[in-house]
Amino acid sequence: DESAFVYRFEPGSRAGAPPLLLLHGTGGDENDLMQVGATISPGSPLLSPRGRILEHGMPRFFRRLAEGVFDEEDVRKRALELGTFVDGARQRYGIEAPIAVGFSNGANIAAALLLMKPEALAGAVLLRAMVPLSEPPSARLDGKPVLILSGQADPIVPAGNAARLSAMLSDAGANVVHKILPAGHQLSQADVRLARDWTASVD
Ligand code: MLT
């Protein structure tokens, strides 16, 4: 089954709290971001799939040829597959389109999903994201809110690449906030705080 992801789902406990789609980094799993999600948006329904690609045993959301060099055909295919999973989960659990919260590889597939199938997401928090597709389809993001948090000293994501992603999503019509933190590739407390404040402001 194309959309058979291993996943966790936590129902919401606060009326109207936006559902979050949690997307882990390379080598992570469906448990990784549950705590981060609960902190970013207390009481939100949490939908957290595990990436179905294995790279030397490490789960990911799409194939890559090297670090930072993506198999773009696979990126497209896997983004649509993730969109199908989200649609199915929305029906099963009766939730609205979620805000994606993705880290690293999870942020990259979230960006690809925004470009490939914008209606799947209400918005996105992209933590240490890169441009996922060099020639993206012409998406209409119609004011969708997107927060990009980049690390000033990220050895995996060059500053220019994050800036290009920000421009790509803005050009497609998203309402992008891009902040560059004094951090590397790893998440910091500032990421969680900024993501929490931003999510509360778009809720
Ligand atoms: C990716 O493959 O998506 C990026 O290189 C980030 C990573 O997972 O290391």
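Details of the structure are given in the entry above.
Small disclaimer: the values here were computed from a predicted structure and weren't measured.

Definitions and limits used
- Residues numbered from 1 in each chain as written.
- Predicted model: local features only at pLDDT ≥ 70, side-chain atom pairs only at ≥ 80, totals over all residues.
- Heavy atoms only, no water.
- Pairing = 2+ DSSP bridges.
- Helix = DSSP H or I, 4+ residues; strand = E, 2+ residues; numbered from the N terminus.
- Axes fitted to C-alpha atoms, helices over the stretch in contact; angles between N-to-C directions.
- Contact = heavy atoms within 4.5 Å.
- Salt bridge = Lys/Arg side-chain N within 4 Å of Asp/Glu carboxyl O.
- Buried < 20%, exposed > 50% of the residue type's maximum accessible area, 1.4 Å probe, protein only.
- Phe/Tyr/Trp six-rings, centres within 6.5 Å; stacked < 30°, edge-to-face > 60°.
- Lys NZ or Arg CZ within 6 Å of the ring centre and 35° of its normal.

K.L.:
Where do I start with the sheet that holds strand 10 (residues 145-151) in this structure?
P.N.:
Backbone hydrogen bonds are what pair the strands of a sheet, in a parallel or an antiparallel way. As summarised here, the arrangement of the seven strands in space is 1-3-2-8-9-10-11, forming an open sheet in which the pairing is mixed. Either end of the sheet is taken by a strand with one partner, and the two such strands are strand 1 (7-10) and strand 11 (175-181). Here the average twist between neighbouring strands, direction ignored, is 10 degrees. Pairing of strand 2 (residues 20-23) with strand 8 (residues 99-103), which is carried by four bridges, proceeds in the parallel orientation. Within strand 8, the position partnered with L20 by the bridge is I99. Against the sheet, helix 3 (residues 105-116) contacts strand 2, strand 8, strand 9 (123-127) and strand 10, and its axis sits at roughly 140 degrees relative to strand 8.

K.L.:
Just checking my understanding: could you explain the pattern of salt bridges for this structure?
P.N.:
A side chain with one charge may pair with a side chain of the opposite charge, provided their charged atoms come close. This structure, assessed with the given rule, holds 12 salt bridges. With its nearest N and O atoms 2.8 Å apart, the salt bridge here joins E30 to R50. With E30 in the loop between strand 2 and helix 1 (34-40) and R50 in the loop between strand 3 (46-49) and strand 4 (53-55), this pair connects stretches of sequence that are 20 residues apart. For E30, a relative accessible area of 8% gives the class buried. Across the pair D142 and R140 runs a salt bridge whose closest N-O atoms are separated by 3.9 Å. The burial state of D142 is the same as that of R140; both residues are exposed. Through salt bridges with shared partners, one network takes in R52, R63, D74, R78 and E81.

K.L.:
Is there a simple way to explain unusual backbone geometry in this structure?
P.N.:
A negative phi holds for most residues other than glycine; trans holds for most peptide bonds. Located in the positive-phi region is S104, a residue other than glycine, with phi close to 55 degrees. Here the phi dihedral of R128 falls at roughly 65 degrees; this positive angle occurs in a residue that is not glycine.

K.L.:
How should the packing of aromatic side chains be read in this particular structure?
P.N.:
Each pair of aromatic rings is reported with the distance of its centres and the angle of its planes. Within the structure shown, the criterion is met by five aromatic pairs. The interplanar angle of 75 degrees and the centroid separation of 4.9 Å between the aromatic rings of F62 and F70 together place this pair among those described as edge-to-face. A single burial state applies to F62 and to F70, both of which are buried. One aromatic cluster in this structure is built from F5, Y7, F9, F85 and Y93. Above the ring of F5, the side-chain terminus of R52 is found at 5.6 Å from the ring centroid. A cation over an aromatic ring shows up here: R60 above the ring of F62, its NZ or CZ 5.1 Å from the ring centre.

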